[in-house]
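For reference, the chains in residue letters:
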Amino acid sequence: MEIQTSLLAIVVAAFSTFALGALWYSPFLFGRLWVKAHGYTPDKLVQMRAGAARAYGVSLVCYAVMAICLALLIARLGIADAAAAVKLGALCWAGFAATLGLTANMFSEKPLSTYLIDAGFQLVYMVMMSLLLALWR
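Below you will find a few notes about this structure. Residue numbers here run from 1 along each chain, matching the order of that chain's written sequence. Predicted model: local features are reported for residues with pLDDT of at least 70 only, side-chain atom pairs are reported and counted for 80 or more only, and whole-chain, interface and lining totals are derived from all residues. Processing note: side-chain calculations cover all non-hydrogen atoms of the structure and skip hydrogens and water entirely.

Here we look at the overall build of the protein
Then, number 1: What the protein contains, in helices and strands, is six helices and zero strands.
Then, number 2: The order of α-helices and β-strands along the protein, N terminus first, is α-α-α-α-α-α.
Then, number 3: Residue burial is assigned from relative accessible area. The probe radius is 1.4 Å, only protein chains are included, and a residue is buried under 20% of its type maximum, exposed over 50%, and partly exposed in between. Within the protein, buried positions represent 31% of all 137 residues.
Then, number 4: Within the structure as shown, the protein displays about 8,500 Å² of accessible surface, and the carbon and sulfur contribution to it stands at 71%. Secondary structure follows DSSP: runs of H or I at least 4 residues long count as helices, runs of E at least 2 residues long count as strands, and numbering of each begins at the N terminus. Throughout, the Shrake-Rupley method with a 1.4 Å probe supplies accessible areas, and for residues the shown protein chains are the sole cover considered.

Focus on the environment of I68
Then, number 1: Note that I68 resides in helix α4 (residues 52-77).
Then, number 2: Each C-alpha atom, one on I68 and one on A119, is 20 Å from the other, the two residues being 51 residues apart in sequence.

Some points on the side chain of H38
Then, number 1: Residue placement: H38 occurs in helix α2 (residues 31-38).
Then, number 2: Overall, H38 belongs to the buried group, its relative accessible area being 18%.
Then, number 3: Within polar-contact distance, the side chain of H38 engages the side chain of Y40 at 3.4 Å.
Then, number 4: Should any heavy atoms of two residues lie within 4.5 Å, those residues are considered in contact. Here H38 is in contact with K110 and T114, once residues within four sequence places are set aside. We call two N or O atoms a polar contact when they sit within 3.5 Å, provided that within protein one can donate a hydrogen and the other can accept it, with sequence-adjacent residues counted only if both atoms are side-chain atoms.

Here we look at the packing of helix α1 (residues 7-24) against α4
Then, number 1: Their axes nearest at 8 Å, the elements α1 and α4 cross at an angle of 135°. On the basis of the axis angle, α1 is oblique to α4. α4 is crossed by α1, and the crossing has right-handed handedness. Contacts between α1 and α4 pair I10, A13, A14, F15, T17 and F18 from the former with Y56, L60, Y63, A64, A67, I68 and A71 from the latter. Axis definition: a line fitted to C-alpha atoms, limited for helices to the stretch in contact. Angles are taken between N-to-C directions and run from 0 to 180 degrees. Roughly parallel refers to an angle under 35 degrees, roughly antiparallel to one over 145, roughly perpendicular to one between 65 and 115, and oblique to any angle outside these ranges. Handedness of a crossing follows from how the near helix is turned relative to the far one, being left-handed for an anticlockwise turn of less than a right angle and right-handed for a clockwise one.

What to know about a nonpolar patch on the surface
Then, number 1: Grouping into patches uses exposed residues only, defined as over 30% relative accessible area, and leaves out salt-bridged ones; the cut-off is 9 Å for like charges and 5 Å for nonpolar side chains (Val, Leu, Ile, Met, Phe, Trp, Tyr). In the sections that follow, a salt bridge refers to a side-chain nitrogen of Lys or Arg positioned within 4 Å of a carboxyl oxygen of Asp or Glu. Together, L102, M106, F107, L112 and L116 make up an exposed nonpolar region whose accessible area comes to about 550 Å².
Then, number 2: Inspection of the secondary structure assignment puts F107 in the loop between α5 (82-106) and α6 (112-135).

Quick word on α1
Then, number 1: The span expected for a helix works out to 1.5 Å for each residue beyond the first. Taking 1.5 Å of rise per residue, 18 residues should cover 26 Å, and α1 covers 25 Å from first to last C-alpha, within 8% of that figure.
Then, number 2: Within the span of α1, buried status applies to A9, I10, A13, A14, T17, L20, G21 and W24. Looking straight down α1, one finds its buried side chains confined to an arc of 135°; they lie on one side. Facing away from the buried side of α1, by more than 90 degrees, are the exposed residues L7, L8 and A22.
Then, number 3: Turning to α1, the residues buried within the fold contact α2, α4 and α6. Relevant arc is that of directions from the helix axis to the C-beta atoms, nothing else.

So this is what it looks like as structure tokens:
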């Protein structure tokens, strides 16, 4: 199957998702709630920042892979309008990201609030990616 979306659109989708994550998990939106829900201490946050470059790099690669997969779905389904793109992003989120995330949360010791913050981010970026990739011309 051929991807009909430009490489630039895929790169922009991946970097846009990365930028959205920086905002989503910042103190301006859900960062403080996310840190509190995890019970992270200031020392733990400093320790986490030490390995952040690797985590950011892996995240960016994962977003690019997701953008490629969404572009393939968009091409295969012939999606070319905003409403269909939003539906695809929401359906992929509900069928895969939300269910996998909730299952993982149920088997972890994390509170449900951590799942809700993460799942909200995933919903927003999957819809955003789908829109960008479907409407890119």
